[in-house]
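# Secondary and tertiary structure notes
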Amino acid sequence: MKQLELLYSGKAKSVYRTENPAELVIKFRDDITAFDGEKKDTLADKGSLNAGVSIFFFGLLEKNGIKTHYIRKIDDSTMVARNLTMIPLEVIVRNIAAGSIVKNYPIEKGTPLNPPVIVIDFKDDTHHDPMLNDDLIYALKLSTPDELRVIKQIALGVNNVLRDYLDGRGIDLVDFKLEFGKKDGIIYVGDEISMDSMRLWDKKTGESLDKDVYRTGLGDVITSYHRVARRIIDGH
Ligand code: TYD
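Owing to the predicted nature of the structure, the values given are computational and were not obtained by experimental measurement.

The next point concerns the overall build of the protein chain. Within the protein chain one finds 6 helices and 12 strands. Taking 2.2 N^0.38 as the reference for a compact globule, 236 residues should give roughly 18 Å; the C-alpha atoms of the protein chain span a radius of gyration of 17 Å, in line with that estimate. In terms of principal-axis extent, the alpha carbons of the protein chain reach across some 50 × 40 × 35 Å. Burial statistics for the protein chain: of 236 residues in total, 48% are counted as buried. When contacts within the protein chain are restricted to residue pairs at least 6 apart in sequence, those whose partners lie at least 24 apart make up 56%. Total accessible area on the protein chain is roughly 11,800 Å²; 52% of this is exposed by carbon and sulfur atoms. Positive and negative side-chain charges of the protein chain, numbering 34 and 37 respectively, have mean locations separated by a distance of 2 Å.

This next bit is on the site of the ligand. Near the ligand lie 15 residues; those nearest to it are Glu90, Arg94, Ser100, Asp175 and Arg199. Separating an oxygen atom of the ligand from a side-chain N or O atom of glutamate 90 is a distance of 2.8 Å. One nitrogen or oxygen atom from the side chain of arginine 215 is found 3.0 Å from an oxygen atom belonging to the ligand. Contact with the protein chains removes 76% of the 500 Å² of surface that the ligand exposes when unbound. Among the elements of the structure, strand E8 (85–96), strand E10 (171–183) and strand E12 (198–202) are those that each provide at least two residues to the shell around the ligand. Of the residues belonging to the shell around the ligand, the class tally is 4 nonpolar, 3 polar and 8 charged.

This part takes up the sheet that holds strand E1 (residues 3–9). Sheet strands pair via backbone hydrogen bonds, and the direction of the pair is either parallel or antiparallel. Across the sheet, 5 strands lie side by side as E1-E2-E3-E7-E6; this open sheet has antiparallel pairing. Strand pairing shows two members of the sheet lacking a second neighbour, E1 and strand E6 (70–75), which therefore form its edges. Sheet twist, expressed as the mean angle between neighbouring strand axes with direction ignored, is 30°. Two elements, E6 and strand E7 (residues 78–82), share 4 bridges in a ladder whose sense is antiparallel.

Residue placement: isoleucine 171 occurs in strand E10. By relative accessible area, which is 1% here, isoleucine 171 ends up buried. As a C-alpha pair, isoleucine 171 and lysine 203 span 32 residues in sequence and 5.1 Å in three-dimensional space. In contact with isoleucine 171, not counting residues within four places along its chain, are Leu166, Leu200, Trp201, Lys203, Leu209, Val228, Arg231 and Ile232.

Further remarks concern helix H6 (residues 221–233). With 13 residues, H6 ought to run about 18 Å at 1.5 Å a step, and its terminal C-alpha atoms sit 18 Å apart, in line with that. The set of residues buried in H6 consists of Val221, Ile222, Ser224, Tyr225, Val228, Ala229, Arg231 and Ile232. Buried residues along H6 sit in contact with strand E4 (31–34), helix H1 (46–63), helix H4 (145–168), E10, E12 and helix H5 (212–216). Here H6 starts with a cap whose side-chain oxygen sits 3.1 Å from the backbone nitrogen of isoleucine 222, and that cap is aspartate 220. Positive phi shows up at glycine 235, right after H6, with a value of about 80°.

Calculation criteria
Residues numbered from 1 in each chain as written. Predicted model: local features only at pLDDT ≥ 70, side-chain atom pairs only at ≥ 80, totals over all residues. Heavy atoms only, no water. Helix = DSSP H or I, 4+ residues; strand = E, 2+ residues; numbered from the N terminus. Rg over C-alpha atoms; globule rule 2.2 N^0.38 Å. Buried < 20%, exposed > 50% of the residue type's maximum accessible area, 1.4 Å probe, protein only. Contact = heavy atoms within 4.5 Å. Areas by Shrake-Rupley, 256 points an atom, 1.4 Å probe, with all protein chains shown as cover. Lys, Arg positive; Asp, Glu negative; His and termini not counted. Charge placed at Lys NZ, Arg CZ, Asp CG, Glu CD. Near = heavy atom within 4 Å. Polar contact = N/O pair within 3.5 Å; in protein donor to acceptor, adjacent residues only side chain to side chain. Nonpolar A, V, L, I, M, F, W, Y, C, P; charged D, E, K, R; others polar. Pairing = 2+ DSSP bridges. Axes fitted to C-alpha atoms, helices over the stretch in contact; angles between N-to-C directions. Expected span 1.5 Å × (residues − 1).

Here's what the structure looks like:
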């Protein structure tokens, strides 16, 4: 497997072409950002911690019959993934109110959301990722009604698998963000599923175990990521 030229560099991952047009190399970097890129840092080990958890969750989803872009691991911070046509949607599933829903709506942090709430943002930096609704998604031709139905169904399936798994590890899955891509008419879960893209609360203490540690500046991000990665992957 030869890693060829850089195709795309996001806020925390770099994507490379390979000799196989059906496969990409995705490298998780040590960069971390928040608040639309206003806060930025580079933290040693962050890339490999997020890669490890993402690879673990992709494996767990595959075992549960959910298709993901993950193919194989190259090293601690790098994986091979399917080359998909990405759908520019950020699909957020919320089980407990936190973050932007608390900021923008009259709902108290910690309120259980049952059934879970799906919120979909437009992945478009120039417009600061505005929230969409189904009609806007069709008007902007971001997906068809059939695709959107499948996307929501997969997102809720992912939520069930991750929520049950994390519950068994003493962790509440508060919310998380997924991105999807298509290949030959099949929709796959893409991107990452890591501490950067989820909110995780310790069930006993309520402590944040995710990127909120960085957003709030209230703790040592890497110590916290190490601890939660161990809990998720090794169960202790
Ligand atoms: P949300 O509360 O909407 O935004 P913020 O992270 O700015 O408080 O986020 C809900 C979840 O989705 C949270 O776990 C972080 C994740 N997320 C991303 O990974 N990337 C994004 O661009 C957004 C908006 C959310």
